[in-house]
Amino acid sequence: MAGILNVKKVCWLLFSAILLATDLSGERITEKIYQRIDDGFSCFRRLNGTHQIGCSSSQSGNVGVVHYVGKKLDFDWLLEVGPDAPYVVLLAPDLFRRENLMSLKNSGKVAGIVVLNQTDTTFHNPSPAPPYSNDLTCPNKITGLYKNDEFSSYCDSNPWNPAGDAILFEDFQFPIFFINETKLNQSVLLDDCYLKFNRPIEGTPPSYPLCAIELKAFMWAAVDTPTCLRRGRLNMLLNPQPSEYCDPLGNVNIFVPVLAANKSSGPVRNHSVIFISARLDSASIFDGLSVGADTAITGMATLIAIADIINKFKFDIRREEIENIFLVLFNGEAFDYIGSSRMAYEMTLGKFPKPLKEENPSQSPLIGLEHIKYWIELGSLAPHGDKKIYLHTDPKSRSDIRVDSNVMNLINALMNNQGNLTVESVNASIPLPPASLQSFLKKDLSIPGLLISNHKNAFTNQFYNNEWDTFQTISSSKLSKHLAEVAQTVSAAIYKLATRDEMPTNIVANVTLLESILECYLVNANCSLFSWLLNGRNNLATGSILPTYVGVTHGDGAYKALSLRTRHLLAMVSGDPLDINKTACINSDHNEIYHYYWMGEYESNNSSGTCYRSTIKTSYAVSPAFEIEDYDWASGEYSSWTESRWETFSVRIFLKASSLQAVSIFVFGVVVLLLSFAVTYWVETNSALLFPPSPEAVAC
């Protein structure tokens with residue numbers, strides 16, 4: 001008995017030692033096997049009423065041998081020779097094109113793709129040559145104004161976005177990552193992985209071990225939006241810890257009624273409100289990698305500059321002519337006009353800005369489609385070779401004589417105040433390009449409106465809704481000055497329409513403000529302007545850029561961070577500074593007419609801060625499709641986009657043994673395991689001989 005106890009004691013000690021060793025060094029062993037790659041952005045899955053798009057890995061991740069593709073010969077070798085499938089392809093940015101991606105997708109030999117953005121010019125350039133867009137050639141056509149009418153075919157033969165390859169709307173059954181290695185002196189993936197272990201020598205496949213990558217980006221949602229929502233509701237009923245599988249795309253629209261108004265003054269007169277709008281969002285297939293420099297930011301920055309100018313003359317407005325001016329930033333426009341369609345929907349229901357409540361005396365009056373006098377939308381405005389801007393209008397609405405007359409009033413006001421710009425009106429028979437205005441004209445063709453852009457026909461923006469639509473692709477010494485001139489022209493036209501007078505010459509656009517805005521949105525979000533707006537609590541990494549993707553309705557994050565900072569910025573330029581302290585500012589009566597913002601406080605320099613009273617507001621930028629009971633998801637009336645939920649994104653590289661070596665190691669392990677069982681059995685059966693009882697135990 002004593003011998004058996006000794007055997008068990010020895011085994012227990014050995015087992016404990018193994019557990020302790022595993023606990024102490026297990027993480028280190030994992031680190032020795034795998035090397036994490038950071039600074040990555042993953043493609044992810046989105047769904048609409050009928051389809052799924054984007055990418056997903058398996059739940060455990062996709063693994064493949066690394067192969068670099070920098071030219072056509074690399075493609076040919078992989079597709080015709082490559083004996084070590086599945087592969088994860090390292091792709092140069094200039095080869096990230098539809099035809100190449102579809103070849104890899106259809107080959108059956110690819111487990112994933114990594115777009116390698118780094119500056120080793122031996123292999124490729126850091127960015128692709130324009131033009132290059134992931135969007136459709138006719139963006140938002142399905143939910144636009146010209147669906148199934150005589151103008152619907154115009155874009156088919158005269159595409160607004162001829163560079164569009166529609167990769168944004170393709171479905172891939174493997175993960176795609178964008179890895180940014182521009183900060184490294186040596187590429188881990190290219191130099192330490194591919195060149196060291198996997199590069200074919202004169203076409204001869206390399207020998208094992210090979211460098212492999214594990215890509216993990218598993219998406220919970222599948223099929224389409226109604227299926228995903230139905231599965232989510234079922235999961236809520238059956239699961240004790242329920243979770244949705246997808247969420248509607250959504251954020252907030254931001255708008256400023258220039259003049260404060262209370263419902264107690266009575267309803268707004270018809271045709272007495274001017275709207276000036278721009279979009280706040282863009283799109284990319286990669287999470288967190290949507291800068292939208294010319295797609296969104298140039299128009300948005302110009303609108304903020306206009307808000308700053310109008311705030312200087314708002315008390316000159318003759319309210320018997322124009323009761324108010326609304327400045328609006330729409331969110332989610334890249335995905336079938338989410339923000340604008342929601343605002344138009346709420347206007348038709350009498351719910352904008354907020355449904356009226358008798359018990360609330362401090363509310364803005366309702367604004368409906370019938371109240372709109374003029375609509376001016378700001379599109380892409382970066383100068384591409386000249387200082388021209390173009391005025392696009394809608395031929396359907398202009399078929400009405402009254403609407404056409406008011407549109408001509410708008411055009412003339414802009415052309416008469418063009419200053420140093422050249423303003424050209426596009427042929428009235430040509431339909432509107434993609435524009436938020438289309439959402440409102442779908443509801444009411446009596447709205448006189450136009451779009452101001454930097455293109456006459458096809459987009460001059462070479463990277464529309466693309467990850468390379470950055471400051472570098474639109475940067476010029478004249479950018480901020482050009483946007484200031486556009487803001488000056490629009491503001492002067494608004495002044496003329498609202499007062500019947502010419503705008504005073506001492507009211508000019510603030511070029512310094514525009515330079516700061518462009519820096520914060522396109523170069524460094526950890527900028528002094530954002531820090532000032534948030535009282536030093538900007539909390540962003542130096543050099544970071546906030547993505548302009550709309551995001552989803554639940555939670556916070558980078559997408560909400562963009563809206564937060566933009567709201568504070570608009571509150572500052574449109575608000576009135578008050579001579580009150582911080583306590584009084586915070587405790588002021590925040591209602592549906594006024595909001596109070598305390599800004600400019602720094603502990604480091606003892607800045608006292610300033611209180612701004614602003615009429616700025618937000619409204620939901622979530623598609624009406626998610627509000628309407630028994631909505632027809634296949635109708636295309638409203639946006640139906642959702643985003644899949646996921647757990648984590650990760651990229652790890654490791655050395656992969658050959659199949660023969662892996663089998664040999666497995667067999668050796670099995671032999672050792674069986675041998676250990678045999679040894680343990682022999683030791684236990686012979687324990688009396690191996691561990692004789694001590695004399696003391698015999699005496700007992």
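Residues numbered from 1 in each chain as written. Predicted model: local features only at pLDDT ≥ 70, side-chain atom pairs only at ≥ 80, totals over all residues. Heavy atoms only, no water.

A. Molecular detail of empty space enclosed by the protein. Counted by the stated rule, this structure contains five cavities of 30 Å³ or more. Roughly 230 Å³ of internal volume is contained in the largest cavity. As for the largest cavity, its lining consists of 21 residues, of which Arg 279, Gly 379, Ser 380, Pro 434 and Tyr 464 are closest to the centre. Broken down by secondary-structure element, the contributors of at least two residues to the lining of the largest cavity are strand S12 (273–279), strand S14 (372–378) and strand S17 (449–453). (1 Å grid on protein atoms, 1.4 Å probe; cavity = no way out; pocket = protein on both sides within 12 Å on 5 of 7 lines; lining within 4 Å. Points joined across faces, edges and corners; volume = space filled by probe spheres on them. Helix = DSSP H or I, 4+ residues; strand = E, 2+ residues; numbered from the N terminus.)

B. Looking closely at helix H13 (residues 511–522). For H13, built from twelve residues, the straight-helix expectation of 16 Å at 1.5 Å per residue is met to within 8% by its first-to-last C-alpha distance of 16 Å. Here H13 has its buried residues at Leu 513, Leu 514, Ile 517, Leu 518, Cys 520, Tyr 521 and Leu 522. Projection of H13 onto a plane perpendicular to its axis shows the buried side chains occupying an angular sector of 165°, all on one side. Residue Asn 510 occupies the N-cap position of H13, its side-chain oxygen lying 3.1 Å from the main-chain nitrogen of Thr 512. (Expected span 1.5 Å × (residues − 1). Buried < 20%, exposed > 50% of the residue type's maximum accessible area, 1.4 Å probe, protein only. Arc of directions from axis to C-beta. Polar contact = N/O pair within 3.5 Å; in protein donor to acceptor, adjacent residues only side chain to side chain.)

C. Structural view of the state of the cysteines. On inspection of all chains with the given rule, the structure shows six disulfides. Two residues, Cys 138 and Cys 155, share a disulfide whose sulfurs are 2.1 Å apart. Looking along the S-S bond of the Cys 138-Cys 155 disulfide, the torsion reads about -110°, which is the left-handed sense. One end of the pair, Cys 138, is in the loop between strand S7 (110–117) and helix H4 (154–157); the other, Cys 155, is in helix H4, with 17 residues separating them in the sequence. Given a relative accessible area of 8%, Cys 138 falls into the buried group. With a sulfur-sulfur separation of 1.9 Å, Cys 193 is cross-linked through a disulfide to Cys 211. Every disulfide takes its handedness from the sign of the S-S torsion; for Cys 193 and Cys 211 that torsion is -110°, giving left-handed. (Disulfide = S-S within 2.5 Å.)

D. Structural context of the nonpolar core. Within the largest apolar cluster, 84 residues are counted, with the highest numbers of intra-cluster contacts made by Ile 276, Ile 452, Tyr 521 and Leu 570. For Ile 276, the contacting residues outside a window of four places in its chain are Leu 303, Ile 306, Ile 310, Ile 325, Phe 326, Leu 327, Val 328, Ile 376, Leu 378 and Ile 494. Phe 178, Ile 213, Ile 338 and Trp 468 belong to the second-largest nonpolar core, a separate cluster that totals 65 residues. (Core = buried A, V, L, I, M, F, W, Y, C linked by side-chain atoms within 4.5 Å. Contact = heavy atoms within 4.5 Å.)

E. Representation of the sheet that holds strand S9 (residues 210–216). In space, the eight strands of this open sheet follow the order S1-S23-S9-S5-S6-S7-S8-S2, with mixed pairing throughout. Two strands close off the open sheet at either side, each with one partner strand: strand S1 (35–36) and strand S2 (40–42). Across four bridges, the pairing between strand S5 (residues 62–69) and S9 is antiparallel. Its bridge partner being in S9, Val 63 is matched across the sheet by Glu 214. Relative to S7, helix H3 (residues 98–107) is tilted by about 155°, and along the sheet it contacts strand S6 (87–91) and S7. (Pairing = 2+ DSSP bridges. Axes fitted to C-alpha atoms, helices over the stretch in contact; angles between N-to-C directions.)

F. Looking closely at the pairing of strand S16 (residues 422–425). Bridging between strand S15 (residues 388–392) and S16 involves four bridges; their strand directions are parallel. Note on S16: the bridge partner recorded for Lys 388 is Thr 422. Crossover S15 to S16 through helix H9 (residues 401–415) is right-handed. (Right-handed = clockwise from strand over helix to strand, strands pointing away.)

G. Just helix H5 (residues 188–198), in detail. Considered for burial, the residues of H5 that qualify are Val 188, Leu 189, Leu 190, Cys 193, Tyr 194 and Asn 198. Taken end-on, H5 shows its buried residues confined to a sector of 160°, consistent with a single buried face.

H. Spotlight on the environment of Asp 156. Along the polypeptide, Asp 156 turns up in helix H4. Other than its neighbours up to four places away in sequence, Asp 156 contacts Cys 138 and Lys 141.

I. A look at the confidence of the model for the protein. Mean pLDDT over the protein stands at 89; residues scoring 70 or higher make up 90%. Scored below 50 in pLDDT, residues 119–125 shows 15 contacts in the model against residues more than four places distant or in partner chains. (pLDDT = per-residue confidence, 0-100.)

J. The packing of aromatic side chains, seen in detail. Counting across every chain of the model gives 35 aromatic pairs. Arranged with centres 5.9 Å apart and planes meeting at 50°, the rings of Tyr 68 and Tyr 194 form a pair that is tilted. Of the two residues, Tyr 68 sits in strand S5 while Tyr 194 sits in helix H5, which places them 126 residues apart along the sequence. Since its relative accessible area comes to 3%, Tyr 68 is described here as buried. Residue class for Tyr 194 comes out buried when judged on its relative accessible area of 4%. (Phe/Tyr/Trp six-rings, centres within 6.5 Å; stacked < 30°, edge-to-face > 60°.)

K. How the structure looks around the pairing of strand S13 (residues 324–330). The buried fraction of S13 amounts to seven of the seven residues, a majority that puts the element mostly inside the structure. A two-sided burial pattern is seen for S13, the buried positions comprising Asn 324, Phe 326, Val 328 and Phe 330 on one face and Ile 325, Leu 327 and Leu 329 on the other. Taken together, the four bridges between strand S11 (residues 250–257) and S13 define a ladder with antiparallel strand orientation. Bridging from a neighbouring strand, Pro 257 pairs with Phe 326 of S13. Summarising the sheet, S12 and S13 pair through seven bridges and their orientation is parallel. The partner of Ser 277 across the bridge, within S13, is Val 328. Taken together, S12, helix H7 (residues 293–313) and S13 form a β-α-β motif whose crossover is right-handed.

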